Amino acid sequence: MDKSKFHLVTYNWLFLLFVFLFLHFWQHISVWYIVGLVTAWLLMLAAGSLFFRWNFYLDAIHHGSRRVKQVALTFDDGPSVQTEALLKILKQENVPAAFFLKGENSTMYRKIVRKAFDENHLLGNHSFSHNVKFTFQNRKSVREDLLKTSHLIEKITGKQPLFFRPPFGVTNPEIAKAANDLNLTVVGWSLRSFDTRYNNAGRLLKRLQQKTRSGDIVLLHDYPEVTLKILPQYIEWLKQNDFQIVSLEQLINKKAYA
Ligand SMILES: [Zn+2]
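Residues numbered from 1 in each chain as written. Predicted model: local features only at pLDDT ≥ 70, side-chain atom pairs only at ≥ 80, totals over all residues. Heavy atoms only, no water.

**Observations concerning the packing of aromatic side chains**
Phase 1 of the analysis: Inspection of every chain in the model, using the stated rule, returns 14 aromatic pairs.
Phase 2 of the analysis: Measuring from ring centre to ring centre gives 6.5 Å for Trp54 and Phe56, while their planes differ by 65°; the resulting arrangement is edge-to-face.
Phase 3 of the analysis: On the accessibility criterion, Trp54 (36% relative accessible area) is partly exposed.
Phase 4 of the analysis: On the basis of relative accessibility, which here comes to 2%, the residue Phe56 falls in the buried class.
Phase 5 of the analysis: What links up through ring pairs into an aromatic cluster is the set Phe6, Phe51, Trp54, Phe56 and Tyr57.
Phase 6 of the analysis: Directly above the ring of Phe243 sits Lys69, whose terminal nitrogen or CZ lies 4.6 Å from the centroid.
Phase 7 of the analysis: Between Arg203 and the ring centre of Tyr198, over which it is positioned, the NZ or CZ distance is 4.1 Å. (Phe/Tyr/Trp six-rings, centres within 6.5 Å; stacked < 30°, edge-to-face > 60°. Buried < 20%, exposed > 50% of the residue type's maximum accessible area, 1.4 Å probe, protein only. Lys NZ or Arg CZ within 6 Å of the ring centre and 35° of its normal.)

In structure tokens form, the structure reads like this:
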């Protein structure tokens, strides 16, 4: 595995700590320099966890080529009672999408998962329970959670998913190691719709229209009503503005299944 930014930062930090300790004991610089250095390192680790796009702990893919007018639509946190309605729109518009599924939900909506797969949408792993606990688990527990979800998807579709999107976009060394153990391609996003926060359809649509760029991986969610509401208009707008909606596999040039 290539050394991540986390490793590089930590090695440099250890070197600085060594220098500061030396200066403290031999030149009697204030202990507060060391306290400041430790604080800065801890803040850096926390920020690296929260700012997914820094790729601090792992190398995730956040967009495709910026030179080709293509985008991929992704829906997180499904399946849900609404997935079927989303599938209907995607079918009418004849566009592919990727669904990052929660394992727990997938056990309840097996038929919908199968339907999405049969209609040529990609299925990715978005963890089993998608709770805060996931982000504090050790490598083994993260691996077990991810395997549980991948096995379930494989049982329903016959295909083992390789795309993984971490819940909340939070990463850490344990998640990085587990994803690497399982050879998963970690997929982020470059355009966040905020469809779980905005319930005003006009505002959401406007935001998407203003922000969409070539190569974008668009993050939408499976369950908000507002997402269902704006989806046909957003797709129409993309088509009218010559954006080709392609599968995530095509956009990032990676295999979605083992
Ligand atoms: Zn999620």
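Alright, that's what it looks like, and here's the rest.
**Points about the packing of helix H6 (residues 139-157) against helix H7 (residues 173-181)**
Phase 1 of the analysis: Running from N to C, H6 and H7 point in directions that differ by 50°, and their axes come no closer than 8 Å. Judged by the inter-axis angle, H6 sits oblique to H7. Pair H6 / H7 crosses with right-handed handedness. Between H6, through Arg139, Val142 and Arg143, and H7, the contact on the second element is made entirely by Glu174, Ile175, Lys177, Ala178 and Asp181. (Axes fitted to C-alpha atoms, helices over the stretch in contact; angles between N-to-C directions. Helix = DSSP H or I, 4+ residues; strand = E, 2+ residues; numbered from the N terminus. Parallel < 35°, antiparallel > 145°, perpendicular 65-115°, else oblique. Left-handed = near helix turned anticlockwise from the far one by under 90°. Contact = heavy atoms within 4.5 Å.)

**Remarks on the coordination of the zinc ion**
Phase 1 of the analysis: Around the zinc ion, the donor atoms from the protein are Asp77 (OD), His126 (NE2) and His130 (NE2), and they sit 2.1 Å away.
Phase 2 of the analysis: Taking the relative accessible area as the measure of exposure, Asp77 reaches 8% and is therefore buried. (Donors = N, O, S within 2.8 Å, 3.2 Å for Na, K, Ca; no water.)

**Let's talk about the environment of Phe194**
Phase 1 of the analysis: With respect to the helices and strands, the residue Phe194 is situated in the loop between strand E6 (191-192) and helix H8 (201-211).
Phase 2 of the analysis: A sequence separation of 27 residues divides Phe194 from His221, and the C-alpha atoms of the two residues are 8.7 Å apart.
Phase 3 of the analysis: Dropping the residues within four chain positions of it, Phe194 is found in contact with Leu204 and Arg207.

**Focus on the nonpolar core**
Phase 1 of the analysis: Residues Leu73, Phe75, Phe99, Leu123, Leu231, Tyr234 and Leu248 are the most contacted members of the largest nonpolar core, which totals 78 residues.
Phase 2 of the analysis: Mapped onto the domain boundaries, this core takes at least three residues apiece from domain 1 (5-50) and domain 2 (70-252).
Phase 3 of the analysis: Among residues more than four places away in sequence, those in contact with Leu73 are Ala97, Ala98, Val218, Leu220, Leu231, Tyr234, Ile235, Leu238 and Ile245. (Core = buried A, V, L, I, M, F, W, Y, C linked by side-chain atoms within 4.5 Å. Domains from an automatic or database assignment.)

None of this, on its own, says anything about what the molecule does.
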